[in-house]
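What follows is each chain in one-letter form.
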2 protein chains.
Amino acid sequence: MTTIYDVAKRAGVSPATVSRALSGARGVSEATRQRVLAVAQELQYSPNYIARSLKKRQTNTIALIISDITNPFFTTLARGVEDKASEHGFNTIFCNTDEDPRVEAAYVELMLRRQVDGLLISSCSDGRSLSLLSRRDVPVVLVDRKVKSSSWDCVVGDSEYGAYVLTKHLIEVHGKRKIAIISGPLVLSTSRERVEGYTRALKEAGVTPREEWIFIGTYKEDFGYQATRRLLEYGPSVEAIFAGNNVIAVGAIRAARELGVRVPEDLALVTFDDFDLVSTLFPFLTAAKQPAYTMGTLAVEMLLERIRGEKIRERREVVLRPEIIIRRSCGCHADS
Amino acid sequence: MTTIYDVAKRAGVSPATVSRALSGARGVSEATRQRVLAVAQELQYSPNYIARSLKKRQTNTIALIISDITNPFFTTLARGVEDKASEHGFNTIFCNTDEDPRVEAAYVELMLRRQVDGLLISSCSDGRSLSLLSRRDVPVVLVDRKVKSSSWDCVVGDSEYGAYVLTKHLIEVHGKRKIAIISGPLVLSTSRERVEGYTRALKEAGVTPREEWIFIGTYKEDFGYQATRRLLEYGPSVEAIFAGNNVIAVGAIRAARELGVRVPEDLALVTFDDFDLVSTLFPFLTAAKQPAYTMGTLAVEMLLERIRGEKIRERREVVLRPEIIIRRSCGCHADS
DNA sequence: TATCTTGTTGCAACCGATTTCTTTCCTCAT
DNA sequence: ATGAGGAAAGAAATCGGTTGCAACAAGATA
């Protein structure tokens, strides 16, 4: 590989001058700059960013730690992150944790070793696996899920609001009262807030949430499936399900279908997060659609501000409202 | 940050010894090793991989260059890549080109500067934007799309086969003869092969493919939409559409729906690539489903072999057969 | 003419690891 | 007793850039 020394020798100058010429720093005469540029071109010089990173203590890399890139919500988020980051000359390393705190902790440690300039984290834990981060002072922005008692910026969706509106819709428009919720784990802020919104809507309608209607598990398709089977096989006759997120909804519908329960005729269903592309094709799921792409770009912008060392004293918390999209799964008529 | 020098000083040894102790190299007494380990633990030492990379000339990083992580096909591929890579201690940098060869070329150059150990590329060009790669000898494996006259390994789907079977199905099972194809650009191997498979099936059935049934454009939703509108508004009465890929299919269906043309009743449709998660929910699209995840893992394995410098003289080409999934969009009854 | 700027350029240190080459010291065979 | 052999550990070079500082030349000012 041709290095800066090769270019220097060929151009008859020192490596320092080459560095300055190429970076556009002042202190190099125009004539020299042109000559260096020409030689660099001629030798097809391509600077080694590893060496540069070592010296500058900046890698122009950020990490995005999420549970599963395969989930359309995270895919869109990731796309937003990549777009905004690369717009600013940063690259993104993606890490899938599969909702496993141990994997999360391992990735965090690995990313620190790799000297990423900052991390975007949708934590799958209560934040304990992030403890080694607080001891270092690397910039972090939490996305989608906040972690209690952390001092990091975050950009999240308004889960309480979305859950409240969705549940209220089931109650007021469709007259449902026996509504179950299949939620992710309560260590996650999204789960807690969604349960809260659900509970509030129920209580406001004079319905006491029953314990056997509340399923707490994980944000996985299989949990949605298992919970729904149990609900439909042994539970009281439920009229509607509030699915904690899109993959839980898929599991729920699969279970219902297997048991011959029709959605929405026999069982209404609402959920969080949409299936972008496909939803234009099959406008079926009534959902609280979060602005995933925007969450990604905003989070990157906030992270870059921290990386640049801009003096922002207070912790910032951006809360984005989900868009409530009414389609058929709740019992409303399809509008297309 | 604590460095190897801090650990060395504290443990009363040289940095060289610390390095050896931590890496498990021989030449360090057990007593010393234990002491170093203890000190490293105590100081919360976390090695700087940038420094290591500079010296070892190996970054343990690969790049995945694709057109759009938002497309479920690529998402699944990417997941396979990330899983397999991280299993071997490699991290993955994702690059979205949006089918723009200039962006692709820029990313390739950037990744070389970052000294990635290898690249996985689903090129959106005829390969000319990859020319600077052939001059360097960095390992490359092409995924999904092959580039003519390159000497790189590749793992791709059997597009000709998939297109042939799909088209044949329309002809033989559903008696269609007026079948249009909405294809990606012919610089891409996938497009060429799909057009070939389509043509072969038609010819075998004694149908001469008509030029106004063949739309060559891009793998984008909007192109699928525009082409279908044109086809339905001005063209001869077409009976079926073969969509070049999943997003084209979405556009096509959207256009058909807008014009009041029912799929599959008025217009049959088959396509390449599936919508994983969602297809269990809405088993609608008849498609040639490629093993995207496997493509990803296989590609990484082949790339790692090259990175390890294993002496494989010949170029390897892995061709994976798509699975033909018959559902409703072609006119068959849903089986679920 | 002497001094002061100002602009170019090079020298050399540095970033934090790894690795080659030595040195030192101990053990064991002759 | 002596030399060979081997293990343990350190010194120093190295990877390829960046940058503070010094050197120097040329032009400006007194």
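Residues numbered from 1 in each chain as written. Chains lettered and ligands numbered in written order. Predicted model: local features only at pLDDT ≥ 70, side-chain atom pairs only at ≥ 80, totals over all residues. Heavy atoms only, no water.

## Some words on the environment of B:I66
Residues and elements named next belong to chain B.
Okay, step 1: Looking at the secondary structure, you find I66 in strand β1 (residues 61-66).
Okay, step 2: You can call I66 buried: its relative accessible area is 0%.
Okay, step 3: C-alpha separation for the pair I66 and E104, spaced 38 residues apart in sequence, amounts to 8.5 Å.
Okay, step 4: Excluding its chain neighbours within four sequence positions, the residues that come into contact with I66 are F74, L77, C95, N96, T97 and S122. (Helix = DSSP H or I, 4+ residues; strand = E, 2+ residues; numbered from the N terminus. Buried < 20%, exposed > 50% of the residue type's maximum accessible area, 1.4 Å probe, protein only. Contact = heavy atoms within 4.5 Å.)

## Observations regarding the protein's contact with DNA strand D
Okay, step 1: Residues in contact with DNA strand D amount to 26 residues; listed here are only the nearest, A:I4, A:S19, B:T17, B:T32 and B:R57.
Okay, step 2: Sugar and phosphate atoms form 65% of the subset of DNA strand D atoms that lie within 4 Å of the protein.
Okay, step 3: One of the backbone nitrogen or oxygen atoms of A:N48 is found 3.4 Å away from a phosphate oxygen of DNA strand D.
Okay, step 4: Between a phosphate oxygen of DNA strand D and a side-chain N or O atom of B:T17, the distance comes to 2.6 Å.
Okay, step 5: Of all the elements in the fold, those that place two or more residues in the surface near DNA strand D are α1 (4-11), α2 (15-23) and α4 (49-56) of chain A together with α2 (15-23) and α4 (49-56) of chain B. (Near = heavy atom within 4 Å. Polar contact = N/O pair within 3.5 Å; in protein donor to acceptor, adjacent residues only side chain to side chain.)

## Some words on the nonpolar core
Okay, step 1: If you look at the biggest cluster of nonpolar residues, it comprises 95 residues, and the most contacted ones within it are A:F242, A:L269, B:F242 and B:L269.
Okay, step 2: If you look at the next biggest cluster of nonpolar residues, it comprises 50 residues, including A:V155, A:A299, A:I307 and B:F74. (Core = buried A, V, L, I, M, F, W, Y, C linked by side-chain atoms within 4.5 Å.)

## Digging into the packing of aromatic side chains
Okay, step 1: Enumeration according to the criterion identifies 8 aromatic pairs over all chains in this entry.
Okay, step 2: Centre to centre, the rings of A:F242 and A:F272 are 6.4 Å apart; their planes meet at 70 degrees, and the pair counts as edge-to-face. Taken together, the positions of A:F242 in strand β8 (residues 240-243) and A:F272 in strand β9 (residues 268-272) put the pair 30 residues apart, joining distant regions of the chain.
Okay, step 3: Taken together, a centroid distance of 5.1 Å and an interplanar angle of 65 degrees make the contact between B:F73 and B:F74 edge-to-face.
Okay, step 4: Judged by relative accessible area, which is 5%, B:F73 ranks as buried.
Okay, step 5: In textbook terms, an aromatic cluster arises when at least three aromatic residues are bridged by ring pairs, as seen for A:F282, A:F284, B:F282 and B:F284.
Okay, step 6: Here the guanidinium or amino end of A:R200 rests over the ring plane of A:Y164, the centre of that ring lying 3.7 Å away. (Phe/Tyr/Trp six-rings, centres within 6.5 Å; stacked < 30°, edge-to-face > 60°. Lys NZ or Arg CZ within 6 Å of the ring centre and 35° of its normal.)

## Examining the interface of chain A and chain B
Okay, step 1: Chain A puts 52 residues into the contact, and the matching count from chain B is 51 residues.
Okay, step 2: Of the roughly 4900 Å² buried at the junction of chain A and chain B (both faces included), carbon and sulfur atoms supply 59%.
Okay, step 3: Run the count over chain A and chain B and you get 4 salt bridges.
Okay, step 4: Close ionic contact of B:D98 with A:R79 constitutes a salt bridge, the shortest N to O distance being 2.6 Å.
Okay, step 5: Taken together, chain A and chain B are joined by 30 residue pairs in polar contact (both at pLDDT 80 or more).
Okay, step 6: Listed by contribution, the elements that provide at least two residues to the side of chain A that touches chain B are α4, α5 (72-87), β2 (91-96), α6 (101-113), α11 (246-258) and α12 (276-281) of chain A.
Okay, step 7: At 6 residues, the largest contribution of residues to the side of chain A that touches chain B is made by β2(A). (Buried area = accessible area lost by both parts, 1.4 Å probe. Salt bridge = Lys/Arg side-chain N within 4 Å of Asp/Glu carboxyl O.)

## Re the pattern of salt bridges
All names here are of chain A.
Okay, step 1: Throughout the structure, instances matching the rule amount to 61 salt bridges over all chains.
Okay, step 2: As a salt-bridge pair, R210 and E212 come within 2.7 Å of each other at their nearest N and O atoms.
Okay, step 3: Linking D266 and R262 is a salt bridge whose minimum nitrogen-to-oxygen distance equals 2.9 Å.
Okay, step 4: In the salt-bridge network here, residues are joined through shared partners; they are E221, R229, E233, R254 and E258.

## Overview of the domain arrangement of chain A
Residues and elements named next belong to chain A.
Okay, step 1: Taken domain by domain, chain A comprises domain 1 (4-47), domain 2 (61-157 + 292-322) and domain 3 (159-290).
Okay, step 2: The C-alpha centroid of domain 3 is placed 27 Å from the C-alpha centroid of domain 2.
Okay, step 3: Contacts between the two partners involve 19 residues from domain 2, matched on the other side by 22 residues from domain 3.
Okay, step 4: Between domain 2 and domain 3 lies a buried interface of about 1600 Å² when both sides are counted; carbon and sulfur atoms form 53% of it. (Domains from an automatic or database assignment.)

## Observations concerning the relation of the copies chain A and chain B
Okay, step 1: Each copy of the sequence occupies a distinct position, and chain A is placed on chain B by a rotation of 180 degrees and an axial shift of 0.0 Å, giving an RMSD of 0.1 Å. In symmetry terms, the pair is related by a two-fold rotation axis. Taking C-alpha positions as the reference, the residue of chain A nearest the rotation axis is A:I93, at 2.4 Å.
Okay, step 2: When the interface residues of chain A are mapped onto chain B, 98% of them again lie at the interface, so the same face is used by both copies. (Least-squares fit on C-alpha atoms with pLDDT ≥ 70 in both.)

## Some remarks on the protein's contact with DNA strand C
Okay, step 1: Neighbouring DNA strand C are 26 residues, the closest being A:T17, A:T32, A:R57, B:I4 and B:S19.
Okay, step 2: Here DNA strand C approaches the protein such that, of its atoms within 4 Å, sugar and phosphate make up 65%.
Okay, step 3: A distance of 2.3 Å separates a phosphate oxygen of DNA strand C from a polar atom in the backbone of B:I4.
Okay, step 4: B:A51 is positioned such that a nitrogen or oxygen atom in its backbone is 3.3 Å from a base nitrogen of DNA strand C.
Okay, step 5: Tallying contributions element by element places α4(B) first for the surface near DNA strand C, with 4 residues.

## Points about the sheet that holds strand β7 (residues 214-216) of chain A
Residues and elements named next belong to chain A.
Okay, step 1: Ordered by their spatial adjacency, 6 strands build an open sheet running β7-β6-β8-β9-β10-β12, and the pairing between neighbours is mixed. Whereas interior strands pair on both sides, the edge strands pair on one side only; in this sheet they are β7 and β12 (323-325). For this sheet the average axis-to-axis angle between neighbouring strands, irrespective of direction, equals 15 degrees.
Okay, step 2: Direction of pairing for strand β6 (residues 179-183) relative to β7: parallel, over a ladder of 3 bridges. Bridging across to β7, S183 finds its partner in I216. (Pairing = 2+ DSSP bridges. Axes fitted to C-alpha atoms, helices over the stretch in contact; angles between N-to-C directions.)

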